[in-house]
Amino acid sequence: MQTWLINGRKSLDFLKRPYPARFFQSAICIFAALLTTLLVTHADPTNFPSEAPFDLASGAANGTVVGAADTGIAITFNPGTNWPGVTWSAGQNWDWSGAVQLAVTVTNTSSVPTQLYYIAKDAAGKDLYAGFTGPTLEPGKTYTVLTDLTHDCKSTYGMNFPAPAVTGDDVWLNEQHGAIDLAKVASFKIFMQKAPVDPVIINIKSILLYKPSPTQALYTGIIDQFGQFTHATWPGKITAASDLAARLVSENQDIAAHPTIADRDEYGAWTSGEKVSPAPGFFQAVNRNGKWWLVAPNGDLFLSFGFNCMWPGGTKTDIGTTTQGREYMFQTLPDDAHAGTSSFQYGPFKGGPFTSYDFYGANVDKKYGTTYGTGDFIPGWNAQALKRMQSWGFNTIANWSDNRPGSLQAEDKLPYTVTLTSKSPTRVGPDHVPDPYDPGFPTATEDRIKEVITPKMVSDPWCLGYYCDNEIKWSQAYPEWADNLITVQNRYTLAIGVLAASPTQPSKIAFQSQMQTKYGTIDKLNTAWGTTFDSWDTFLTPYKVPAAPKDELIADMGAFTQAYAAKYASTIKSIIKKYDPNHLYLGCRFSFSSPEVIKGVAQDGGVDVVSFNIYTYTLKPELWSFTATLGKPCIVSEYHFGVQGGGMFGYGNGTDTRCIDQADRAAKYTDYIKSLLAQPAFVGAQWFQFIDEPVTGRNYDGENYNCGFVDVADTPYQPMVDAARAIHAQAYTLHQAATAP
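Nothing here was measured: the structure is a model prediction, and the numbers come from that model.

With that out of the way, let us pick up the pattern of salt bridges. The full count for this structure, using the stated rule, is 24 salt bridges. Taking the shortest distance from any N to any O, the salt bridge between Lys668 and Asp664 comes out at 2.8 Å. Taken as a pair, Lys668 and Asp664 lie in helix α16 (residues 662–677) at a separation of four residues, close to a single helical turn. Taken together, the salt bridges that share partners define one network made up of Glu251, Lys367, Arg388 and Asp714.

Put into structure tokens, the structure is as follows:
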């Protein structure tokens, strides 16, 4: 049996070693790529078979071509097929039960960056899934990505994206999802999520199993006193408290050279554009020649560019990071005003309270305060945030931002949105969609809303409007996923859940009533649907929609879904208008949706503005032009892009938020805003979020994305600042030039 070598070295030596050698002493090679054969080799025949060859030609190729490489194998991913990849089946199951980590070493021999994924499947059909969430595979570079086989990164380490395993870019500790029986591994697949534009060739150099000592050694002391990653350097990294003051001086010089965007009034609206008369007094929406705009209280046309989660530190749960149980990750944990408590929501960290620390708050306290720990830094932070937004061309304090007395929002110097939530006594389906047909829904929702809307908001011209709820999982489909398979099951998830519900579910009774009105008799419904209900009472029993339902059933599920969404939106709007007739209802911030749901909330009596959280590089016209037919303006309520590097582990929410570096991130920001302004229905975009999430994960769900315009040390990302200034300066004229339908 041949021993597998990597770059001429034994498999145990391929990793750089700032860590103890014992970490790698039990490397086990499973796949050895020869010219036409992959062989499973072993170090312990008790746990692994002596060999399990399989012919490359036997791999199930989908949109790919597999061939030989100087070392390992070469996979060519071709255009034209989504999810292109290669699957190797074990025949008899592989036994990986002695392994703790899987290491995949790859080289991107193509000229474009790319992203890979893999799935291991066991004999029972369960999946172990991993994307290469560490590196984007840059052209010409070789990477080794380590994946824990027995647990995921979030539940073990408290963060969505893991830290690089060593100093440098070539070795990463990856995250995984799912769990399999490692004693019965049936297949292994390497794939891409989307078809490439041009062929992409990836060399798979090796796939190895490891039984290392606990990976806690990799994470010891990875965060410094400022909340920064210790094993990397980058321009602008803070090394001493005096650097914070120096950054403020240099930033203020930049702001002094670019204090505001031209042609903007006090609201950030367009002084050179059309004036709406009479001035509405509060923010409203208007359609001019087929294009939608918001209108500022003074009558100037307005497009909203804002930040979600604008907080100066303190008690907000997004800003702190849980430290208890992870103390070894931090070089220092002061017991001061920025220490607090949090509750993890997953893995071994459920419950709490757990101790946490707010590194961002501590940094801005040192930067803007005079007496550390007293909170006197907040006015200075507010003043700097206002200068930044006016200089960068932002004009809205968006969802989940600080609204406490003394906050920037309370100063009434920038338009702001208000966060509301509905409440439903009963919910539908596995995704727990609120049931607006429940008689308790209006009362419970009103009790929540009336506690949030204040007399000050009602009379405040700076209030833009109200969001209510966020990313309800109405379906498994979404417009931006149109290049993937849309099925009955993932489009009509809501209606399918209602039909499967118990006879007492209010929306199930409402569905029955609508069908009785349409069909009259149960026999006519049975003929249309291909069902065998004995009576309308039987209709109320749980019903499973078949994989291929009749067209009439699909149409009725669509109509019911639209009515359901309309009921939801009209109920919420009536409550908002009861307490505040002056301001806009900005919708429910769609993520998972469907055409029927979107049309439903946009019906007369529903939302004033349709809001979408759209995490993608651009708003493709072929996917988003439908918004011009809704009869309502639309707004992007969340989006971002991020970089893995510069001390950050996670690039963002979704595959289409990954950037190579900050310059690439800035270019993508420009492209996104241009694509939005070209859409006649869209009236703005609100970035998630103002500040990077903590490097080790925000303290309730582990998100640790490079999603901020400023980092944990409150230093702005200058390429993003420059890009925002430039595109925001053109925003109104670009939207004015958009082609209306």
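As a further point, take the packing of aromatic side chains. Applying the stated criterion across every chain, the model contains 55 aromatic pairs. Ring centres 5.1 Å apart and planes at 70° place the aromatic pair Phe307 and Phe690 in the edge-to-face group. On the criterion of sequence distance, the pair formed by Phe307 in strand β21 (residues 304–307) and Phe690 in the loop between β35 (682–687) and α17 (718–736) is long-range, its members being 383 residues apart. As far as the burial class goes, Phe307 and Phe690 line up, both buried. A ring pair is formed by Trp474 and Tyr564, whose centres lie 6.4 Å apart and whose planes are at 85°; its orientation type is edge-to-face. Here Trp474 is found in the loop between β29 (463–468) and α8 (488–491), whereas its partner Tyr564 is found in helix α13 (residues 551–579), with 90 residues between them in sequence. Comparing Trp474 with Tyr564, the two get one shared label, buried. An aromatic cluster is built from Phe307, Trp381, Trp392, Phe394, Tyr617, Tyr639, Phe641, Tyr669, Tyr672, Trp687, Phe690 and Phe709, whose rings are joined through pairwise contacts. The aromatic ring of Phe191 is capped on one face by Lys189, whose charged end is 5.2 Å from the ring centroid.

Attention now moves to the layout of surface pockets. Each pocket or cavity is described by its volume, and for the second largest pocket that value is around 890 Å³. What lines the second largest pocket is a set of 31 residues, and nearest its centre among them are Pro113, Lys194, Ala195, Tyr617 and Asp656. Contributing elements (two or more residues each) for the lining of the second largest pocket: α15 (621–624), β34 (658–659) and α16. When its residues are assigned to classes, the lining of the second largest pocket shows 13 nonpolar, eight polar and ten charged.

Moving on to the sheet that holds strand β18 (residues 284–288). Read from one edge of the open sheet, four strands run β17-β20-β19-β18, paired in antiparallel fashion. The open sheet is flanked by β17 (270–275) and β18, the only strands paired with a single partner. Strand-to-strand twist in this sheet, taken as the mean axis angle between neighbours without regard to direction, amounts to 55°.

For the rest of this paragraph, the subject is the nonpolar core. One recurring pattern in soluble globular proteins: nonpolar side chains tend to sit buried together. Among the nonpolar cores identified, the biggest contains 157 residues, and Trp474, Trp529, Phe539, Tyr669 and Phe690 are the most heavily contacted of them. Considering every element that reaches this core, the biggest residue donor is α13, with eleven residues. Excluding residues within four positions of it along the chain, Trp474 makes contact with Val433, Thr493, Leu494, Tyr564, Tyr568, Cys588, Phe590, Phe592, Ser593 and Val597. Of all hydrophobic cores here, the second largest spans 33 residues; its members include Phe77, Trp88, Trp94 and Tyr143.

Turning our attention to the pairing of strand β8 (residues 73–77). In terms of residue burial, β8 counts as a mostly covered element, since five of its five residues are buried. Residues Ile73, Ile75 and Phe77 point to one face of β8 and Ala74 and Thr76 to the other, with burial holding for every one of them. Here strand β7 (residues 64–68) pairs with β8 via five bridges, running antiparallel. Across the sheet, the residue bridging to Val65 is Thr76, located in β8.

Glancing now at the sheet that holds strand β22 (residues 321–322). The three strands lie next to each other as β22-β24-β23, forming an open sheet whose pairing is antiparallel. One side of each edge strand has no neighbouring strand; the edge strands of this open sheet are β22 and β23 (339–342). Pairing between β23 and strand β24 (residues 354–357): four bridges, direction antiparallel. Across the sheet, Ala339 pairs through a bridge with Tyr357, a residue of β24.

Moving on, we get to the side chain of Arg725. Examined against the element boundaries, Arg725 turns out to sit in helix α17. Arg725 sits in the buried class, given a relative accessible area of 8%. Within the local environment of Arg725, its side chain forms a polar contact with the side chain of Ser391, the two groups lying 2.8 Å apart. Not counting residues within four places of it along the chain, the set of residues in contact with Arg725 comprises Asp254, Ile255, His258, Ile261, Ser391, Trp392 and Gln718.

On to helix α11 (residues 522–529). Taken as a whole, α11 has its buried residues at Ile522, Leu525, Asn526, Ala528 and Trp529. Considered in projection along α11, the buried side chains sweep an arc of 165° and stay on one side of the axis. Away from its buried face by more than 90 degrees, α11 exposes Asp523, Lys524 and Thr527. The secondary structure elements touched by the buried residues of α11 are α9 (493–499), α10 (506–519), α12 (536–539) and α13. Looking one or two places after α11, you find Gly530, whose phi comes out positive at around 75°.

Glancing now at empty space enclosed by the protein. Rolling a probe over the atoms, with the probe sized like a water molecule, indicates the empty space that remains. All chains considered together, the criterion is met by four cavities of 30 Å³ or more. Reported here for the largest cavity is a volume of approximately 120 Å³. As for the largest cavity, its lining consists of 16 residues, of which Ile319, Tyr360, Asp692, Pro694 and Val712 are closest to the centre. Tallied by class, residues from the lining of the largest cavity come to nine nonpolar, four polar and three charged. Of the volumes computed, that of the second largest cavity is approximately 70 Å³. Around the second largest cavity, the lining residues are Gln228, Phe229, Trp234, Gly646, Gly647, Met648, Asp692, Val695, Asp711, Val712 and Tyr717. Split by residue class, the lining of the second largest cavity holds six nonpolar, three polar and two charged.

Interaxial distance between α10 and α13 falls to 11 Å at its minimum, and their mutual angle equals 125°. Taken together, the axis directions place α10 and α13 in an arrangement best described as oblique. Handedness of the crossing formed by α10 with α13: right-handed. Of α13, the residues touching α10 (which contributes Ser507, Ala510, Phe511, Gln514, Met515, Lys518 and Tyr519) are Glu552, Asp556, Met557, Phe560, Ala563 and Tyr564. Residue composition of the contact of α10 with α13, by class: eight nonpolar, two polar and three charged.

A few words on the confidence of the model for the protein chain. Overall, the prediction assigns the protein chain a mean pLDDT of 86, with 88% of residues at 70 or greater. Across residues 1–54, where pLDDT falls below 50, the model places 135 contacts with residues more than four positions away in sequence or in other chains.

Definitions and cut-offs
- Residues numbered from 1 in each chain as written.
- Predicted model: local features only at pLDDT ≥ 70, side-chain atom pairs only at ≥ 80, totals over all residues.
- Heavy atoms only, no water.
- Salt bridge = Lys/Arg side-chain N within 4 Å of Asp/Glu carboxyl O.
- Helix = DSSP H or I, 4+ residues; strand = E, 2+ residues; numbered from the N terminus.
- Phe/Tyr/Trp six-rings, centres within 6.5 Å; stacked < 30°, edge-to-face > 60°.
- Buried < 20%, exposed > 50% of the residue type's maximum accessible area, 1.4 Å probe, protein only.
- Lys NZ or Arg CZ within 6 Å of the ring centre and 35° of its normal.
- 1 Å grid on protein atoms, 1.4 Å probe; cavity = no way out; pocket = protein on both sides within 12 Å on 5 of 7 lines; lining within 4 Å.
- Points joined across faces, edges and corners; volume = space filled by probe spheres on them.
- Nonpolar A, V, L, I, M, F, W, Y, C, P; charged D, E, K, R; others polar.
- Pairing = 2+ DSSP bridges.
- Axes fitted to C-alpha atoms, helices over the stretch in contact; angles between N-to-C directions.
- Core = buried A, V, L, I, M, F, W, Y, C linked by side-chain atoms within 4.5 Å.
- Contact = heavy atoms within 4.5 Å.
- Polar contact = N/O pair within 3.5 Å; in protein donor to acceptor, adjacent residues only side chain to side chain.
- Arc of directions from axis to C-beta.
- Parallel < 35°, antiparallel > 145°, perpendicular 65-115°, else oblique.
- Left-handed = near helix turned anticlockwise from the far one by under 90°.
- pLDDT = per-residue confidence, 0-100.

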